[in-house]
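Read off the chains here:
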Amino acid sequence: MSVSSKALTPILIAAVAVISGCADYGRVAPDSEDPFNSTTLDSKDIEATIQLMARAIVKLPQFASTDKPPTVAFAEVVNNGPEPIDTELFLEQIRELLMEHAGGKIAFLNRALSEAVLRERDLKRRGEVTSSSRKAVGGADFFLAGTIRAHDKGSARLRSTYTLVNFNLTDAESMQIIWGKTYKVKKTGKQAIWDR
Amino acid sequence: MKMFFCLRKLCNRAGPGASVLLCLAASACGPSARELGRQAFRRHDYATAQNFLKKSKNKANKNFVLYNLELGSAAFEGGNYHAARRAFERAAQAMRGYAGTAEGVVSLVANESAKIFKGDPFEQAMANFYDGLIYYRWGDYNNARAAFHQALMSDKSSADGYQEDFAVAQFMIGKCYRKIGQADNARISFEKARKACDSNPYFSREAIRDHNVLIILQLGKAPKKIATGPAGSLDEYVPGIYRETSARVYADGKLLGTSSPAVDLLRQARTSGRTAKDTIQAAKGAVKTGLLAAAAAQDDPKPGLALAATALLMPAGADLRQWDLLPGEIHLLSTKLSPGGYTFRIEFFAGGKRMNDFRQVWHYVPVEKDRDTLLVFRSGRQKCNANMPPRQNPVFRGENDNAFSGASKN
């Protein structure tokens, strides 16, 4: 029985497609489970932390009025946790949520651009660049800072990680902590028999 | 010629589609991008190695971790620390994760290499160790500490009695704690490092109290994984082949000291320990060996052939995948130097004999002001480089990479 070329070609193409392996790609929600889930923080925890902090801050009595919104500057988020993490991510996302939902009741200072801003002001005052207005550099009323800590234990195939992400607001005049909140999560894991 | 006409006949019958497929198949017979990358790495051409190895970094298959470890190695040795950090963290996160159930179950009944590669404990520790070195180099001591902590946690799954012997990670944690002002935690970490490796004189906070330069030397080649046991069902590590055993470091012609061993990766590999999966592997191998023996003992060829065929088709092979771009040993040297630019010369020794073709000279190496300087070198034949090691400007929280003062630049 002869096999016609018309039948053989699509069969060969289909075989190559199967043999080459099926890639898997898809867009997922930021708070969905990671494919490489572990006992440390994942995107779901980061999203939950950001939401928890932003919702709590926006309800504080210090930010109730829009007449003269208090200014908030970022201090550091210190990572004392069990794995490297980009701590700027927390502050940026909290700021974004607050700017979106606080209704103008909170003003933020971008101290990361301090050098560039002061340089630009200097050029303007010397007349070397144009200037549409003159303002005083904003002082902070509060500092938003955070810490990531964890109690991370493991042996052989078992792992247990208790992570605490704390944020607090400190009065920039009195150094008084006016608010603080902690997101806590504990995860345990066991490596499969084939992995160890 | 006959083969050509056979192929031509096949193409004519199959049509244009199959002709394309046959051409593709023929072209796939050359070395892969990954192999070309590894070859480039071995001849110290790290830029070329990265170009080839990065083609595989996003392939979501069972070797995802291995591709990223190899890319991380090439990027790290080439001074491309941002790319190296990303590659090592992609690998480390997958190594820590619990994904891969389907592949893992298959590996219990088929060849062990069917599972997702996650490395042995020492490989996981090294991925995190390199990550930590990068953060330390950038002055991000919190993240560096976290990465070194992960290196120690990876070592926890080694055999009993060898679970806290990755001394260099403990040492680096101590240095991080010292930098972030946690003196008690620093003291404890240095004590643990000293307990795990009491022969290294630098694992002492008193000895390195006013030192500002840490030199890490990577010597030799990674231990090699071979198949052993019944039907090659188990894996075992044997020494990588290399001669260098120590190094002396000179700055501007002045001897700074002799390197001191901090980690022996062969020892780390051999103390990973046997686990339940090795028992399953050994059982698979024993069954396969038994079937072959039974086949040989048959008088009647028919059942003998059936048993032999069953044995040959039965997969029992050990997983021999490994991160073989690692060094064989990590050595340390700690010292104090004034800020400025230096010419570093590194002499490697095989026992007491100098290896002249391994000499390295690095010009215009900066020793930083107000910050620890971390230098990482790797032994290799004919690796002499008269230019400054590629220096990555840290783009971290607005930090500027201020050039050191007092050094001339070409």
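Here the structure is a predicted model, which means the values were calculated and not measured.

Looking at this structure, I do not really get the overall build of chain A. What am I missing?
Of the regular secondary structure elements, chain A holds 4 helices and 5 strands. The N-to-C order of helical and strand elements in chain A reads α-α-β-α-β-α-β-β-β. Across chain A, every contact between residues at least 6 apart in sequence was considered, and the portion connecting residues at least 24 apart equals 69%.

Quick question: what am I supposed to make of the overall build of chain B here?
Per the secondary structure count, chain B includes 14 helices and 11 strands. Each of the 410 residues in chain B was classed as buried or not, and the buried ones make up 42%. For chain B, restricting intrachain contacts to residue pairs at least 6 apart in sequence, the fraction spanning at least 24 positions comes to 67%.

How do you make sense of the nonpolar core when you look at a structure like this?
Nonpolar side chains tend toward joint burial in soluble globular proteins. Grouped together as the largest cluster of nonpolar side chains are 89 residues, with contacts concentrated most on Ala91(B), Tyr130(B), Phe148(B), Ala167(B), Val168(B) and Ala169(B). The element best represented in this core is helix 8 (residues 121-137) of chain B, accounting for 10 residues.

Explain the sheet that holds strand 4 (residues 158-171) of chain A here, please?
Pairing between the strands of a sheet comes from backbone hydrogen bonds, and it takes one of two forms, parallel or antiparallel. Strand order across the open sheet formed by 5 strands is 2-1-3-4-5 (chain A), with mixed pairing between neighbours. The sheet terminates laterally at strand 2 (107-108) and strand 5 (177-190) of chain A, the two strands that pair on one side only. Sheet topology places strand 4 of chain A next to strand 5 of chain A; 13 bridges connect them, and they run antiparallel. Of the residues in strand 5 of chain A, the one forming a bridge with Asn166(A) is Thr182(A). Helix 3 (residues 88-101) of chain A contacts strand 1 (71-80), strand 2 and strand 3 (142-155) of chain A of the sheet and is inclined by roughly 150° relative to strand 1 of chain A. Packed onto the sheet, helix 9 (residues 141-155) of chain B meets strand 1 and strand 3 of chain A and runs at close to 30° relative to strand 1 of chain A.

How should the packing of helix 13 (residues 276-297) of chain B against helix 14 (residues 301-313) of chain B be read in this particular structure?
For any two helices packed against each other, the geometry comes down to the angle between their axes and how far apart the axes lie. Residue and element names in this part refer to chain B. Packing of helix 13 against helix 14 leaves a shortest axis separation of 8 Å and a crossing angle of 160°. By the angle between their axes, helix 13 is roughly antiparallel relative to helix 14. Judged by the twist between their axes, the crossing of helix 13 over helix 14 is left-handed. In this structure, helix 13 uses Lys-288, Leu-291, Leu-292, Ala-294 and Ala-295 to contact helix 14, whose residues at the interface are Gly-304, Leu-307, Ala-308, Thr-310 and Ala-311. Classifying every residue of the contact of helix 13 with helix 14 gives 7 nonpolar, 2 polar and 1 charged.

Sorry, what's going on with helix 4 (residues 114-125) of chain A here?
Residues three or four positions apart in an α-helix share a direction because the helix packs 3.6 residues into each turn. Residue and element names in this part refer to chain A. Taking 1.5 Å of rise per residue, the 12 residues of helix 4 would be expected to cover 16 Å, and the 16 Å separating its terminal C-alpha atoms lies within 8% of that figure. Across the 12 residues that make up helix 4, only a small minority, 0, are buried. At the C-terminal side of helix 4, Gly-127 shows a positive phi close to 80°.

Hey, could you run me through the sheet that holds strand 11 (residues 373-378) of chain B in this one?
Residues and elements named next belong to chain B. The sheet built from 4 strands is open, its strands ordered 6-7-1-11 with mixed pairing. Edge positions in the open sheet fall to strand 6 (260-264) and strand 11, since each of these has one partner strand only. Strand-to-strand, the axes of this sheet are offset by a mean angle of 25°, without reference to chain direction. Note that strand 1 (residues 213-219) and strand 11 share 6 bridges and pair parallel. Residue pairing across strands places Gln-218 opposite Arg-378, the latter belonging to strand 11.

Looking at this structure, how should I read unusual backbone geometry?
Leave glycine aside and you will find that most residues have negative phi; peptide bonds, for their part, are mostly trans. Even without being glycine, His44(B) reaches a positive phi, approximately 65°. One can find His44(B) in the loop between helix 3 (33-42) and helix 4 (46-53).

Explain the confidence of the model for chain A here, please?
Caution applies to low-pLDDT regions: their predicted coordinates should not be interpreted in detail. For chain A, per-residue confidence averages 85 on the pLDDT scale, and 85% of positions sit at 70 or higher. Across residues 17-21 of chain A, where pLDDT falls below 50, the model places 1 contact with residues more than four positions away in sequence or in other chains.

Is there a simple way to explain the environment of Asp165(B) in this structure?
Residue and element names in this part refer to chain B. Examined against the element boundaries, Asp-165 turns out to sit in the loop between helix 9 and helix 10 (167-179). With 21 C-beta atoms packed within 10 Å, Asp-165 lands in the buried category. Counting along the chain gives 29 residues from Asp-165 to Arg-194, while the straight-line C-alpha distance between them is 9.8 Å.

Looking at this structure, how should I read the environment of Thr48(B)?
Relative to the elements of secondary structure, Thr48(B) occurs in helix 4. As a C-alpha pair, Thr48(B) and Glu206(B) span 158 residues in sequence and 43 Å in three-dimensional space.

Where do I start with the confidence of the model for chain B in this structure?
All names here are of chain B. On average, residues of chain B carry a pLDDT of 84, and 86% of them reach 70 or more. Contacts of residues 391-410 to residues separated by more than four positions or lying in other chains number 27 contacts, the stretch itself having pLDDT below 50. As a predicted assembly, this complex carries a pTM of 0.82 together with an ipTM value of 0.75.

Definitions and cut-offs
Residues numbered from 1 in each chain as written. Chains lettered and ligands numbered in written order. Predicted model: local features only at pLDDT ≥ 70, side-chain atom pairs only at ≥ 80, totals over all residues. Helix = DSSP H or I, 4+ residues; strand = E, 2+ residues; numbered from the N terminus. Contact = placed C-beta atoms within 7 Å. Buried ≥ 20, exposed ≤ 12 C-beta atoms within 10 Å, placed from the backbone. Core = buried A, V, L, I, M, F, W, Y, C linked by C-beta atoms within 7 Å. Pairing = 2+ DSSP bridges. Axes fitted to C-alpha atoms, helices over the stretch in contact; angles between N-to-C directions. Parallel < 35°, antiparallel > 145°, perpendicular 65-115°, else oblique. Left-handed = near helix turned anticlockwise from the far one by under 90°. Nonpolar A, V, L, I, M, F, W, Y, C, P; charged D, E, K, R; others polar. Expected span 1.5 Å × (residues − 1). pLDDT = per-residue confidence, 0-100.

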